[in-house]
Amino acid sequence: MRNISSDSEQEELSNNEFHCEKCDDKRWFVVAADEAAPASARTVIPCHCQERVWGVKPSDRIREYSDLGPLDRLTFDTVELGTRDTYSEPSSFRVAYHSAQQFVTNRQGWLVISGPSGTGKTHLAAAVGNALVDANEPVRFVSVPDLLDHLRSAFDPAIGAQFDEIFMQAIEAPILILDDLGAQSSTAWADEKLDQILTHRYNRRLPTMITTGIKFEELNDRLRTRLGDPYFSTVIDIKPGSGTLDLRDTGLEPRLASAMKFDSFNTMGAAGATTAQRRSLNEAHKAAKIFTEQPSGWLYLAGPTGVGKTHLAAAIVNESIAQGRNVLFKFVPDLLDNLRRSYGPTETKGFDHIFRQVRDIDILILDDFGSEATTAWAEEKLYQLIVHRHDSMMPTVFTSRTTLETINGPEPKNMSRYSDAIISRLSDASVVAERYLSAPDYRHRGASPRMPRRRSSTNKSNDQ
């Protein structure tokens, strides 16, 4: 076959434009005695098309391909091993460090490193990538959220990128490093693309390193099956250090934790907010801070979508962790779904374990209360949870689109969304402090918020 990439008279082409028939655009060849040969017995050689595609000298091709960019400063030499426990617990980090070095040497199997934000996962991943580049081993480093963003944009012809080319870079990389798995926005499409990449590499036993901020046992069943194969994968969990907040234990997504703090809450509201609306935001902000400083009773934050209820709830979580308090953040529909799934035979944590964790936590945040599907089973679980925490006077925060006035409205109790027992405890003024946030929806750029309305028997079925 003629080597198209050796035609020097043609001008250099971009990676998107140039198709190489010899390597089928993989840019690499894997040479092995047979298909069952281990990764350490395989040799990866570059295709001649790389020089025309990337326009760099042969010595720079692997560095260009790695896409490490500014992370080239993060090496094993810059890792502070066992010198302090501020960010990660030394013994668990040391295990991850030596496992990363072993991955560089063996270049086979999968290495999965989990740990909360700030424990050094990305540093180790970049160190692996840089060590492989220095050894002239082709490796591809990619952040999972960035990869999915690039794949989405590749569908737009105006962007110029080609979906197949970006996808194949991840799926066929001789060695792949996927950083920050779980930080991406979870959608059916994103889950499908990740599953295709991981399944392809798993079936072909392609060397892969993965970092994630999610605890291994909390990954979905399919990911645990792929990532946790005891004959193929090494799974290391870096424990948090004395100064690292393990947000994984709170149920709050890292994205919310980093963006939603008291200092970043806008008490002025979105464009078009009136003086009264700004006052409601300011009062809710103060109430949330007071609750955080001295957790007691219940705080009920009500208001339409997009006014900052979840922001304040996340801020309470952040500040509570900083003060060394045990806190748990639960989106109510997800909590009920998790409890239902816990009855399954494949679940590692049973119903009793999950329910006791939520019921007995020092500070509980129940986000979007009232948005859950109404069933007798859901009503019973919420009843058990609310009654226990009310009777024990345990600090609890609710966010809801439904005001307490609406929940305890004038309609007959048997027509209400909740039972008398739940309504009675939510209406206990000696325990519950309500703050209503009235402001334009941030996401609608100043559109007027929907005002709360009383439920009636004619519209109840639609609301549920």
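The structure we're discussing is the one just above.
None of these values were measured; they are calculated from a predicted model.

Student: Please clarify how unusual backbone geometry should be interpreted in this entry.
Tutor: Generally, phi is negative for residues other than glycine and the peptide bonds are trans, each holding for most cases. Even without being a glycine, Asp67 presents a positive backbone phi close to 65°. Along the chain, Asp67 falls in the loop between helix H2 (58–66) and helix H3 (90–106). Within the chain, Arg205 stands out as a residue other than glycine whose phi angle is a positive 55°. Relative to the helices and strands, Arg205 is located in the loop between helix H7 (188–203) and strand S6 (208–212).

Student: Got a minute to help me understand helix H4 (residues 121–134) in this structure?
Tutor: Each α-helix turn comprises 3.6 residues. Residues three or four places apart therefore point the same way. In this model H4 runs 20 Å from its N-terminal to its C-terminal C-alpha over 14 residues, within 8% of the 20 Å that 1.5 Å per residue would give. If you check which residues of H4 are buried, you get Lys121, His123, Leu124, Ala125, Ala126, Ala127, Val128, Gly129, Asn130, Leu132 and Val133. Directly after H4, the chain includes Asn136, whose backbone phi takes a positive value near 60°.

Student: What is the right way to look at the pattern of salt bridges in this model?
Tutor: Oppositely charged side chains can pair when the atoms bearing their charge come close. Counted according to the given criterion, the structure contains eleven salt bridges. Of the charged contacts, one joins Asp195 and Arg222 as a salt bridge, the two residues approaching to 2.3 Å between their closest N and O atoms. With Asp195 in helix H7 and Arg222 in helix H8 (residues 221–227), this pair connects stretches of sequence that are 27 residues apart. With a relative accessible area of 24%, Asp195 lands in the partly exposed category.

Student: How should I be thinking about the sheet that holds strand S9 (residues 327–331) in this particular structure?
Tutor: Think of a sheet as strands paired side by side through backbone hydrogen bonds, with each pair either parallel or antiparallel. In spatial order, the strands read S9-S10-S11-S8-S12; together these five strands make up an open sheet with parallel pairing. Unpaired on one side and paired on the other, S9 and strand S12 (432–436) mark the two borders of the sheet. Averaged over all pairs of adjacent strands, the angle between their axes in this sheet comes to 15°, without regard to strand direction. As paired strands, strand S8 (residues 298–302) and strand S11 (residues 396–400) are joined by five bridges and run parallel to one another. The partner of Trp298 across the bridge, within S11, is Thr396.

Cut-offs applied
- Residues numbered from 1 in each chain as written.
- Predicted model: local features only at pLDDT ≥ 70, side-chain atom pairs only at ≥ 80, totals over all residues.
- Heavy atoms only, no water.
- Helix = DSSP H or I, 4+ residues; strand = E, 2+ residues; numbered from the N terminus.
- Expected span 1.5 Å × (residues − 1).
- Buried < 20%, exposed > 50% of the residue type's maximum accessible area, 1.4 Å probe, protein only.
- Salt bridge = Lys/Arg side-chain N within 4 Å of Asp/Glu carboxyl O.
- Pairing = 2+ DSSP bridges.
- Axes fitted to C-alpha atoms, helices over the stretch in contact; angles between N-to-C directions.

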